[in-house]
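Examining the three-dimensional arrangement
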Amino acid sequence: MAKESKTTLEILKDWALANIRHKDLLRREIVEIEQDKQGWEFVVHSTKGDRFYCIAVKADFEEISKRAEGKQVFVVVPNTKENLAAFNSSWSQLSKLDSFC
C-alpha cells in the first residue's frame, strides 16, 4: 500500500504547529491552539495575548495586511522568488503593522 504524499501546504502547517509548540516548551504560555478559525490557519491563545498565523504556499501579503490590523500576525510561506517579490512589493504596508512577524 503506497503512502499518500503530503502537499506543500500540509507540510508547512505541520512544521508551523510543531514550531509553535516547541517554542512554548519552557515558557508554558499557550492556553489553546485553534485551527482554521477567524480566517487564520492557527489562532494561538496564550497568557500574553493571541497570535494569528497565516500559512500559505503563495501569500497574498496585501490581504494579510488588511486582516492583520491590531493583531500579532505570523506568516509562514516557502522561500520562493514569487513570495519574496510579493513580500517586497507589500513591505510598505507590512512595515506599518505593529506586531507583524
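Look above for the structure.
Because the structure is a prediction, the values reported are computed rather than measured.

**A closer look at the overall build of the protein chain**
When helices and strands are tallied, the protein chain shows 4 helices and 4 strands. Along the longest, intermediate and shortest principal axes, the C-alpha atoms of the protein chain span 45 × 35 × 25 Å. Out of the 101 residues belonging to the protein chain, those deemed buried represent 35%. A separation threshold of at least 6 residues defines the contact pool for the protein chain, and within that pool the share at least 24 residues apart is 40%.

**Thoughts on unusual backbone geometry**
Despite not being glycine, D36 shows a phi value in the positive range, around 55 degrees. The topology assignment puts D36 in strand β1 (residues 30-37). The backbone of Q38 shows a phi angle near 55 degrees, a positive value even though the residue is not glycine. With respect to the secondary-structure elements, Q38 resides in the loop between β1 and β2 (40-46). On the accessibility criterion, Q38 (55% relative accessible area) is exposed.

**Section: the pairing of β1**
Judged from the 6 bridges that link them, β1 and β2 form a sheet pairing that is antiparallel. Along β2, the bridge assignment pairs I30 with S46. Linking β1 to β2, which pair antiparallel, is a turn of 2 residues; within it Q38 sits at a positive phi near 55 degrees.

**Regarding the environment of K13**
By the element assignment, K13 lies in helix α1 (residues 8-23). Separated by 43 residues in the primary sequence, K13 and A56 place their C-alpha atoms 8.6 Å from one another. Those residues in contact with K13 that lie beyond four places of it in its chain are D36, E41, F42 and I55.

**Points about the packing of aromatic side chains**
Counted under the stated rule, the structure contains 5 aromatic pairs. Their ring planes at 15 degrees and their centres at 4.7 Å tell us that Y53 and F74 sit as a pair that is stacked. Residue Y53 is found in strand β3 (residues 49-55), and its partner F74 is found in strand β4 (residues 72-76); the two are separated by 21 residues along the sequence. The same class applies to Y53 as to F74, namely buried. Seen from their ring centres, F87 and F100 are 6.4 Å apart, and the 25 degrees between their planes marks the pair as stacked. Of this pair, F87 sits in helix α3 (residues 81-89) while F100 sits in the segment after α4 (91-94), and the two are 13 residues apart along the sequence. For F87, a relative accessible area of 25% translates into the label partly exposed. One aromatic cluster is present, formed by F61, F87, W91 and F100 through successive ring pairs. Residue placement shows K71 over the ring face of F52; its charged tip is 5.5 Å from the ring centre.

Calculation notes
Residues numbered from 1 in each chain as written. Predicted model: local features only at pLDDT ≥ 70, side-chain atom pairs only at ≥ 80, totals over all residues. Heavy atoms only, no water. Helix = DSSP H or I, 4+ residues; strand = E, 2+ residues; numbered from the N terminus. Buried < 20%, exposed > 50% of the residue type's maximum accessible area, 1.4 Å probe, protein only. Contact = heavy atoms within 4.5 Å. Pairing = 2+ DSSP bridges. Phe/Tyr/Trp six-rings, centres within 6.5 Å; stacked < 30°, edge-to-face > 60°. Lys NZ or Arg CZ within 6 Å of the ring centre and 35° of its normal.

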